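# Descriptive structure summary
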Amino acid sequence: MAMSAVARETVFALRRQIAKIEGTLPERLQAPAPGAIPGKVRRGFPSGIAEKQIPADITGSDRTLVRRGLAVASADAFLRTGIERFDTALGGGLPRAALSEIHGLETRDAGAVAGFAFSLVSLVLKEKQGLPILWVGTAEIFHEAGLPYARGLHALFGIEPEQLLFSEAPKLLDALWIAEEAARMTAFAAVILEIRGSPRLLDLTATRRLHARAQNAGRPVLLLRQAGEADPTAAPVRLIVSAAPAVSRETVAGPLAGSIGRPAFKVDIGKSRTALPGQFTLEWNPNEHAFAERTENPVAVVPASQRGADPAPASGAVLAFPALAAPASGDQPSRQQHPAHRSPRRAG
């Protein structure tokens, strides 16, 4: 059911208020149309925003105007996934020079979250070839979720093992310091910070520093959060990622029965300054290193039985317990036992 105009306006009003409280990047505003008066913001902006000067050469429709400071970003400021519907929902794609949060609701989603992060890094490396990636985490997260498989990095994402550097910190405070120092460097193609749970150290102040340094360096910083609450952060975009069922492998003759195809991710837009929440199922093509959207909702693929047809006969009537005759007089519970049978069971 389509959202009514009143409901949409209510959602945007709430998001503006949240952006004001968090002090993070606000929602996009429409850029001045060609032919508008140069140097002035055209009408239609939300109330409370005074007119400010804008460079006269910013008139193209491919520009993005952001409310805070009225900053202007071109279309190449976004990392496009190649899925038009997903990129449009994000307002152009993921910001290239910003902090982006990828959230796994449970620890078992750590593999899917890491795979989705590697997919994004693979897209970044197409433009910044030769630069390494730094993965920062605590000993707890690496012991719980494990480390990536080197041969899988190359086969699935085209990432050479020597391009991926790990920094295992003993404490979260040390991991945050390493990530902040690395985020200001242009020697890395991307910086990944992985944490577990909802630590108090990862507050708005810490994420603002990460976001600001990513902007200054012009590099993406990916914050991977495993099994934590959706706490407020300075990241303009929060994606909730989990594993999606794989479909059968495609061949020239059609789908191969009993096979397992490409890895797939279920991606929910949990927070965005430019879009309403939405859900997408994205497949990763390891040969072309590109995403593809899957619109259907298949069931999980299970290999076929090696013995052919299922030999089990059809089930008939099944009784949990056989019918019992009336108990003998000697089997009746004593009077002292009756209150325990009639009274409710107490916990603790």
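Residues numbered from 1 in each chain as written. Predicted model: local features only at pLDDT ≥ 70, side-chain atom pairs only at ≥ 80, totals over all residues. Heavy atoms only, no water.

## Concerning the nonpolar core
With 41 residues, the main nonpolar core has Phe86, Phe116, Leu239 and Phe291 as its most contacted residues. At 11 residues, helix α3 (residues 110–125) tops the list of elements feeding residues into this core. Sequence-distant contacts of Leu239, defined by excluding residues within four places in its chain, comprise Phe86, Leu90, Leu94, Glu101, Ile102, His103, Phe116, Val267, Asp268 and Ile269. Residues Val136, Ala175, Leu202 and Leu210 belong to the second largest nonpolar core, which totals 21 residues. (Core = buried A, V, L, I, M, F, W, Y, C linked by side-chain atoms within 4.5 Å. Buried < 20%, exposed > 50% of the residue type's maximum accessible area, 1.4 Å probe, protein only. Helix = DSSP H or I, 4+ residues; strand = E, 2+ residues; numbered from the N terminus. Contact = heavy atoms within 4.5 Å.)

## Some details on the pattern of salt bridges
Following the criterion strictly, the structure yields 13 salt bridges and no others. Residues Glu293 and Arg85 are paired through a salt bridge, measuring 2.4 Å at the closest nitrogen-oxygen approach. Taken as a pair, Glu293 in strand β16 (residues 290–293) and Arg85 in helix α2 (residues 84–89) lie far apart in primary sequence, 208 residues in all. For Arg85, a relative accessible area of 47% translates into the label partly exposed. Between Arg196 and Glu140 there is a salt bridge, and its shortest N-O distance comes to 3.6 Å. Of this pair, Arg196 sits in strand β9 (residues 190–196) while Glu140 sits in helix α4 (residues 139–145), placing them 56 residues apart in sequence. Owing to a relative accessible area of 48%, Glu140 belongs among the partly exposed residues under this scheme. Connected through shared salt-bridge partners, Glu101, Arg225, Asp231 and Arg238 make up one network. (Salt bridge = Lys/Arg side-chain N within 4 Å of Asp/Glu carboxyl O.)

## Structural notes on the side chain of Thr138
The topology assignment puts Thr138 in strand β7 (residues 133–138). Beyond its immediate stretch of four places on either side in the chain, Thr138 contacts Glu168, Ala169, Lys171, Leu172, Ala175 and Glu194.

## Quick word on the sheet that holds strand β8 (residues 164–169)
Taken together, 9 strands build an open sheet; the order of strands is β8-β7-β9-β10-β6-β11-β14-β15-β16 and the sheet is mixed. Whereas interior strands pair on both sides, the edge strands pair on one side only; in this sheet they are β8 and β16. Across this sheet, the average inter-strand angle for adjacent strands is 25 degrees, counted without regard to direction. Relative to strand β15 (residues 279–285), strand β14 (residues 264–272) is paired through 5 bridges, and the arrangement is antiparallel. Within the sheet, the bridge partner assigned to Val267 lies in β15 and is Phe280. (Pairing = 2+ DSSP bridges. Axes fitted to C-alpha atoms, helices over the stretch in contact; angles between N-to-C directions.)

## Points about the pairing of β14
When you tally the buried positions in β14, you get 7 out of 9 residues, the bulk of the element. Across 7 bridges, strand β11 (residues 237–243) lies against β14 in antiparallel orientation. Bridging from a neighbouring strand, Val237 pairs with Ser272 of β14.

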